[in-house]
Amino acid sequence: MPKVKTVAAVVDYKIVFGELTKACVQSAAKNSSKPGVKKYTPKKSWFDTIMRSLDPDVLYMVQQFMMMRRADQHARTRTASTGDIDMTKLWSHRVNDNIFATTETVPDDKNHGLVLVVDWSGSMSGPIFDVMVQLLALMLFCRKVGIPFEVYVFITRESTKGSSFIRTIDSVNAEGSTRLYNIFSSRMPQAHFYQMCLMMFSSFEGRTFNSPLDYLNLNYGTPLGEAMLIASEIVPAFQKNNRLQFVHTIFLTDGDGNSSMTVCADQLEDQITRRTYGPNPGEQKIDVLHLLPRIVRERTRAKMIGFYVGGPTARMLQDSKINYQEASDLLLKEGFMKVGGTNYDAFFVLNPAMSVPQTANNGDPTEQIQMRRKSRVMLQQFIKMIA
């Protein structure tokens, strides 16, 4: 596998925040907008309404998380005798053999962290508003319960620092212009977090995202495999810097990724883990993109969770007991479905309309309430994985 040159592949939130702030200020100035680019106007009142509308979902997530964490902590609590006589029980020594004091050992809470990597390709233009609302709810939840997180978007853009990858002799090709831009982080001060959210949401005109910062507009392909390789370098550093026991790496995309990652050999050795991989049963060539979630899991020892926005594909249903039509009906009815055989720890096919508050999207109120209820079923499953 090619080595990742992190200095070229990853752009920190401080740079993105500074450049977006500058672009918004320039666009908001009189007569400064480029032809065809709408002038930037902060939509504070509208954004604050979205934030308030998400309060029930965030509160639900916090309640479920705390309940499951307490249950897990109780299950791991151990009671043992101290060997010292409990003077309050001494009077019953003739009828009670256990007159010794006991102590409970309560284990420390588990430390969790989230790394979210979002597809920023052109095909995400349709569901991007719904995705951003759900992303906002997840970030608000993390900030409420103190879970460190990083949110990246992956795009293809040339860098003055060169290619994101250093080729090795294993003949795997990778798109060297793939970059991960850190748009949100738990390291952000509250004021910067709010300002970044405001600038991102103020870039929407209806459901169309039109950012004053050119490279944040959705005009790219889907280098999913390359993004996974870069994430395999980010996650261990994130875990070490935050002293975390568990990290969950989440990929959200609406496509299978492009085919730039190929290998000519019949075996693939990962130079980091020293593991060797071959083709899937019944196949002659190695499907690198299908294999990469497993490689990243084994490199980082983090749980890999995939969210796919859209209808199920034939590959997703290979290990399922339902056909495409049944899967489509289930997705329409429940709002999401979980599929196996993807090399992820968990993989969800997601209806992007879930959890969109009524005030954020002028849809039918009854339908919005139903989608919120459906979203909570999936949120509960998601929280089970991270609690």
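What counts and how
Residues numbered from 1 in each chain as written. Predicted model: local features only at pLDDT ≥ 70, side-chain atom pairs only at ≥ 80, totals over all residues. Heavy atoms only, no water. Helix = DSSP H or I, 4+ residues; strand = E, 2+ residues; numbered from the N terminus. Buried < 20%, exposed > 50% of the residue type's maximum accessible area, 1.4 Å probe, protein only. Pairing = 2+ DSSP bridges. Phe/Tyr/Trp six-rings, centres within 6.5 Å; stacked < 30°, edge-to-face > 60°. Polar contact = N/O pair within 3.5 Å; in protein donor to acceptor, adjacent residues only side chain to side chain. Contact = heavy atoms within 4.5 Å. pLDDT = per-residue confidence, 0-100. Axes fitted to C-alpha atoms, helices over the stretch in contact; angles between N-to-C directions. Parallel < 35°, antiparallel > 145°, perpendicular 65-115°, else oblique. Nonpolar A, V, L, I, M, F, W, Y, C, P; charged D, E, K, R; others polar. Expected span 1.5 Å × (residues − 1).

Thoughts on the environment of Pro-42
Positionally, Pro-42 belongs in the loop between α2 (13-28) and α3 (44-53). For Pro-42, a relative accessible area of 47% puts it in the partly exposed group.

Overview of the pairing of strand β11 (residues 246-253)
Within β11, 7 of the 8 residues are buried, leaving the element largely enclosed by the surrounding structure. Judged from the 7 bridges that link them, strand β5 (residues 112-119) and β11 form a sheet pairing that is parallel. Each residue of the ladder has a partner; that of Gly-113, found in β11, is Val-247. Relative to strand β14 (residues 303-309), β11 runs parallel, the two sharing 6 bridges. Its bridge partner being in β14, Phe-251 is matched across the sheet by Gly-306.

Brief notes about the packing of aromatic side chains
A full pass over the atoms with the stated rule returns 14 aromatic pairs. Look at Phe-201 and Phe-204: their rings are 6.0 Å apart centre to centre, the planes differ by 50 degrees, and that puts the pair in the tilted class. By relative accessible area, Phe-201 is classed as buried at 1%. For the pair Phe-204 and Phe-209, a centre-to-centre distance of 5.1 Å together with 65 degrees between the ring planes defines the contact as edge-to-face. Of the residues examined, Phe-204 reaches a relative accessible area of 1% and is grouped as buried. Looking at Phe-209, the relative accessible area reads 10%, which means it is buried. Through a chain of ring-to-ring contacts, three or more aromatic side chains come together here, namely Trp-46, Phe-47, Trp-120, Phe-129, Tyr-194, Phe-201, Phe-204 and Phe-209.

Some thoughts on the side chain of Ser-185
Within the secondary structure layout, Ser-185 lies in strand β8 (residues 178-185). A polar contact of 2.9 Å, which involves the side chain of Ser-185, links it to the side chain of Glu-150. Excluding anything up to four places from it in sequence, Ser-185 contacts Tyr-13, Arg-143, Phe-149 and Glu-150.

A closer look at unusual backbone geometry
Positive phi is not limited to glycine here, since Arg-243 has a value of about 50 degrees. Mapping Arg-243 onto the fold places it in the loop between α7 (224-242) and β11. Of note, the phi angle at Arg-301 is positive, near 55 degrees, even though the residue is not glycine. Judged by its relative accessible area of 80%, Arg-301 falls in the exposed class.

Concerning the confidence of the model for the chain
Model confidence for the chain is summarised by a mean pLDDT of 79, while 73% of its residues fall at 70 or above. For the chain, the element scoring lowest by mean pLDDT is helix α10 (residues 365-386), at 59; helix α6 (residues 190-202) scores highest, at 95. This model gives residues 355-366 a pLDDT under 50, and the stretch forms 27 contacts once residues within four places in sequence are excluded.

Some details on the sheet that holds β8
Strands sit in the order β2-β8-β6-β5-β11-β14-β16-β15 across an open sheet of 8 strands; the sheet is mixed. Sheet topology places β2 (10-11) and β15 (336-339) at the edges, where each strand pairs with a single neighbour. Pairing geometry for β5 and strand β6 (residues 149-156), over 6 bridges, is parallel. Of the residues in β6, the one forming a bridge with Val-117 is Tyr-152. Of the strands in this sheet, β2, β5, β6, β8 and β11 touch α7, which is tilted by about 155 degrees from β11.

Considerations on the environment of Asp-345
Here Asp-345 lies in the loop between β15 and β16 (346-350). Overall, the relative accessible area of 40% leaves Asp-345 in the partly exposed class. With 51 residues separating them along the chain, Asp-345 and Arg-294 place their C-alpha atoms 8.8 Å apart. With residues near it in sequence (within four places) discarded, Asp-345 still touches Arg-297, Ala-302, Lys-303 and Met-304. A polar contact of 2.7 Å, which involves the side chain of Asp-345, links it to the backbone nitrogen of Met-304.

A look at the packing of α3 against α6
In the contact formed by α3 and α6, the axes pass within 10 Å of each other and the chain directions differ by 110 degrees. It follows from the interaxial angle that α3 and α6 lie roughly perpendicular. Of α6, the residues touching α3 (which contributes Lys-44, Trp-46, Phe-47, Asp-48, Ile-50 and Met-51) are Tyr-194, Cys-197, Leu-198 and Phe-201. Residues that form the contact of α3 with α6 fall into these classes: 8 nonpolar, no polar and 2 charged.

So, the packing of α7 against helix α8 (residues 288-300)
It is at 10 Å that the axes of α7 and α8 come closest, and there the two elements cross at 10 degrees. The orientation of α7 relative to α8 falls into the category roughly parallel. Of the residues in α8, those touching α7 at Leu-224, Gly-225, Met-228, Leu-229, Ser-232, Glu-233, Val-235, Pro-236 and Gln-239 are Leu-289, Leu-292, Pro-293, Val-296, Arg-299 and Thr-300. Residues of the contact of α7 with α8, tallied by class, amount to 9 nonpolar, 4 polar and 2 charged.

A look at α8
Across its 13 residues, α8 extends 18 Å between first and last C-alpha, which sits within 8% of the 18 Å expected from 1.5 Å per residue. Judged by how many residues are buried, α8 sits mostly within the fold: 10 of 13 residues are covered. Within the span of α8, buried status applies to Val-288, Leu-289, His-290, Leu-291, Leu-292, Pro-293, Ile-295, Val-296, Arg-299 and Thr-300. Packed against the buried residues of α8 are α7, β12 (268-269), β13 (276-277) and β14.

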